[in-house]
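Here is how the chains run, residue by residue.
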Amino acid sequence: MNRAIKPSLLVCLVLSLFAAGAWPAGATTYWGGEASAIKDAYYDGSVASYGWGSIFDSGRSNWGGISSKVSIGKTTSTANYPDKYYVGQTSNANLWGFAPAYKKDANGNIVLADVNYDTWLYCTVSAYENTIKLNQPGGLTTSQTISSVTTHEIGHTLSLGHSPSSETSVMVSAGATNFSPTNYDKTELKSKWGN
Amino acid sequence: MKRWVYYIGFFATAIMIVIAFFGQGSVKTTSENGSSNPIREVSIPASYKAFDSLGTLEQDADLIIVGTPLLDFEQREHVATYYDDGTLQDFYTLTEIRISKIMKKPTDFPVTDRIKAVEPVGLITESDKLQTKVKADHYSELKADKKYVMFLKKNTFGQYSLINMNNGKFNLDGTDVSDLTQDGESGIKMKLKQQIESKFGL
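With an unreviewed UniProt entry as reference, chain A is termed Peptidase M10 metallopeptidase domain-containing protein, source organism Cohnella endophytica.

Listed below in structure tokens is the structure:
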């Protein structure tokens, strides 16, 4: 084989995978994310109103001790764009929570970010009290469902996407069966942020 | 190795790069007054109660219908709610549907051929005064004048809401390409659709 062709083929293969969105990110991590996974979270007053502070505390600490590059502290200040946690209400039946990411555009406006392509300024986490209390997965208590949802949504703020439902993971989109990061989740977290 | 292998690899790469450029990463904007420019779209990661079998989906639904949305997406009622500090709390679209068949209903369901259903997608105006189409977990909205079977449940406000995201509505006449291509994992959507068509004779 021509010596110049072999490297060219390798480059073509790499670019093909890149264009197809399959590399270098892990299968369930976002290409986008915040500049650092060592960050703080601010609790909106709704969290205390519903008495979910300790559950959000657990959700944050669940992602600690896995990677030296990942740590979510708690702040009482909204300065410097910490992540923000809320407990709210939704009209979408069976929706338990969501975690939008935000960025600052070229004009300084804060707008929704594309989780796969943008560098985020911060995230918000909403856990929906009205749906979680009514629509728990079979066999789980309300407290377990809240715990699973908050850990899951906080995982999104660390650029973790949804895991295939075939995996044992707290990051599956559909259903709540795990309450803390599994080995799969830990591997994905480290693939994104390092050890 | 033959030169043709090199050329195939080069052109395949070029094609994939073109596809990626025009794919999900592209952002288009529109002005607030509704000009004809495409709208920015953002999918927000969400967690929800999900079903991968018809039995459990059917059991959880309060209302199962075949119906057709009456209005185009942009003409529907779009709702967003915010926390006290202005942060987005929730979003949805109220989609008016003409019912052609009912397969399950509550005992107190009124005699009607119209219903409004909550879909987990909406149009919001952001701080840059531009509109953004926000959707939960890559949800693809029901399209006007196309026929779907839909699984609905009453929310805590008394409205009927789509459940199971993209796997809670199924285009029946093959005209919604986005619905047909939303089978993201293990063919669950296709499996459900086949079960639904078989059970309800659709």
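Visitor: Can you lay out the overall build of chain B for me, pointing to particular residues and giving the numbers?
Guide: Looking only at helices and strands, one finds 4 helices and 11 strands in chain B. Contacts spanning at least 24 positions in sequence make up 64% of the contacts within chain B whose residues lie at least 6 apart. Of the roughly 10,000 Å² of accessible surface on chain B, 53% is carried by carbon and sulfur atoms.

Visitor: Account for empty space enclosed by the protein, with residues named and values stated.
Guide: It is a probe the size of a water molecule, rolled over the atoms, that shows where empty space is left. In total, this model carries 4 cavities of 30 Å³ or more according to the counting rule given. Its volume calculated, the largest cavity comes out at about 60 Å³. Residue classes in the lining of the largest cavity are distributed as 7 nonpolar, 3 polar and 1 charged.

Visitor: Explain the packing of aromatic side chains to me, using residue names and the numbers behind them.
Guide: Tallied over the full model, the rule gives 12 aromatic pairs over all chains. Taking 5.7 Å as the distance between ring centres and 35° as the angle between the ring planes, the aromatic pair formed by A:F98 and B:F91 counts as tilted. Of the two residues, A:F98 is situated in strand β5 (residues 95-98) and B:F91 in strand β5 (residues 88-104); the pairing between them involves two chains. Since its relative accessible area comes to 1%, A:F98 is described here as buried. We note A:K192 situated over the ring of A:W193; from NZ or CZ to the ring centre the distance is 5.7 Å. Directly above the aromatic system of B:Y139 lies the positively charged group of B:K169, at a separation of 5.2 Å from the ring centroid.

Visitor: So what's going on with the nonpolar core? Which residues, and what values?
Guide: Ranked by internal contacts, the top residues of the largest apolar core, which has 36 residues, are B:I65, B:I115 and B:L152. In terms of residue count, the dominant contributor to this core is β5(B) (4 residues). Residues within four places of B:I115 in sequence aside, it is in contact with B:L63, B:I65, B:T95, B:E96, B:I97, B:I99, B:F109, B:L152 and B:Y160. Core analysis: the second largest hydrophobic core is formed by 27 residues, A:Y43, A:W52, A:Y85 and A:V125 among them.

Visitor: Tell me about the confidence of the model for chain B, and name the residues and values.
Guide: Scored by pLDDT, chain B has a mean of 86; 79% of the residues are at 70 or more. As scored by the predictor, the complex reaches a pTM of 0.84 and an ipTM of 0.85.

Visitor: Tell me about the layout of surface pockets, residues and numbers included.
Guide: What the second largest pocket holds in volume is close to 210 Å³. Forming the walls of the second largest pocket are 13 residues, and the residues nearest its centre are A:Y102, A:I110, B:G86, B:L88 and B:E126. Elements supplying a minimum of two residues to the lining of the second largest pocket: β7 (110-112) of chain A together with β7 (121-125) of chain B. Of the residues assigned to the lining of the second largest pocket, the class counts are 7 nonpolar, 4 polar and 2 charged.

Visitor: Give me the pairing of strand β6 (residues 114-119) of chain B: which residues, what numbers.
Guide: Bridge count between β5(B) and β6(B): 6 bridges; the pairing is antiparallel. Note that in β6(B) the partner of B:R98 across the bridge is B:R114.

Visitor: Can you explain the side chain of A:H156? Please cite residues and give values.
Guide: Turning to its location among the elements, A:H156 is positioned in helix α5 (residues 142-157). With a relative accessible area of 1%, A:H156 lands in the buried category. At a separation of 3.4 Å, a polar atom in the side chain of A:H156 contacts the side chain of A:Y30. If near-sequence neighbours (up to four positions away) are discounted, A:H156 is found in contact with A:Y30, A:A99, A:W120, A:G161, A:H162, A:M171 and B:P45.

Visitor: Hey, could you go over the pattern of salt bridges for me, with residue numbers and the actual values?
Guide: Opposite charge on two side chains allows them to pair when their charged atoms are near. For the coordinates displayed, the defined rule picks out 22 salt bridges over all chains. Across the pair A:K39 and A:E34 runs a salt bridge whose closest N-O atoms are separated by 2.8 Å. Residue B:K116 is joined to B:E77 by a salt bridge in which the shortest nitrogen-to-oxygen separation is 3.9 Å. Of this pair, B:K116 sits in strand β6 while B:E77 sits in strand β4 (residues 77-82); the two residues are 39 residues apart in sequence, bridging distant segments of the chain. Taking the relative accessible area as the measure of exposure, B:K116 reaches 42% and is therefore partly exposed.

Visitor: Talk me through the sheet that holds strand β1 (residues 40-44) of chain B; I want residue IDs and the actual numbers.
Guide: Residue and element names in this part refer to chain B. Here 3 strands make up an open sheet; going across it, the order is β1-β8-β7 and the pairing mixed. Of all strands in the sheet, those bounded by a partner on one side alone are β1 and β7. Between one strand axis and the next, the sheet turns by 30° as a mean value, whatever way the strands run. Inspection of the sheet shows β1 paired to strand β8 (residues 131-136) by 5 bridges, in the parallel sense. Within the sheet, the bridge partner assigned to E41 lies in β8 and is K133.

The rules behind the values
- Residues numbered from 1 in each chain as written.
- Chains lettered and ligands numbered in written order.
- Predicted model: local features only at pLDDT ≥ 70, side-chain atom pairs only at ≥ 80, totals over all residues.
- Heavy atoms only, no water.
- Helix = DSSP H or I, 4+ residues; strand = E, 2+ residues; numbered from the N terminus.
- Contact = heavy atoms within 4.5 Å.
- Areas by Shrake-Rupley, 256 points an atom, 1.4 Å probe, with all protein chains shown as cover.
- 1 Å grid on protein atoms, 1.4 Å probe; cavity = no way out; pocket = protein on both sides within 12 Å on 5 of 7 lines; lining within 4 Å.
- Points joined across faces, edges and corners; volume = space filled by probe spheres on them.
- Nonpolar A, V, L, I, M, F, W, Y, C, P; charged D, E, K, R; others polar.
- Phe/Tyr/Trp six-rings, centres within 6.5 Å; stacked < 30°, edge-to-face > 60°.
- Buried < 20%, exposed > 50% of the residue type's maximum accessible area, 1.4 Å probe, protein only.
- Lys NZ or Arg CZ within 6 Å of the ring centre and 35° of its normal.
- Core = buried A, V, L, I, M, F, W, Y, C linked by side-chain atoms within 4.5 Å.
- pLDDT = per-residue confidence, 0-100.
- Pairing = 2+ DSSP bridges.
- Polar contact = N/O pair within 3.5 Å; in protein donor to acceptor, adjacent residues only side chain to side chain.
- Salt bridge = Lys/Arg side-chain N within 4 Å of Asp/Glu carboxyl O.
- Axes fitted to C-alpha atoms, helices over the stretch in contact; angles between N-to-C directions.

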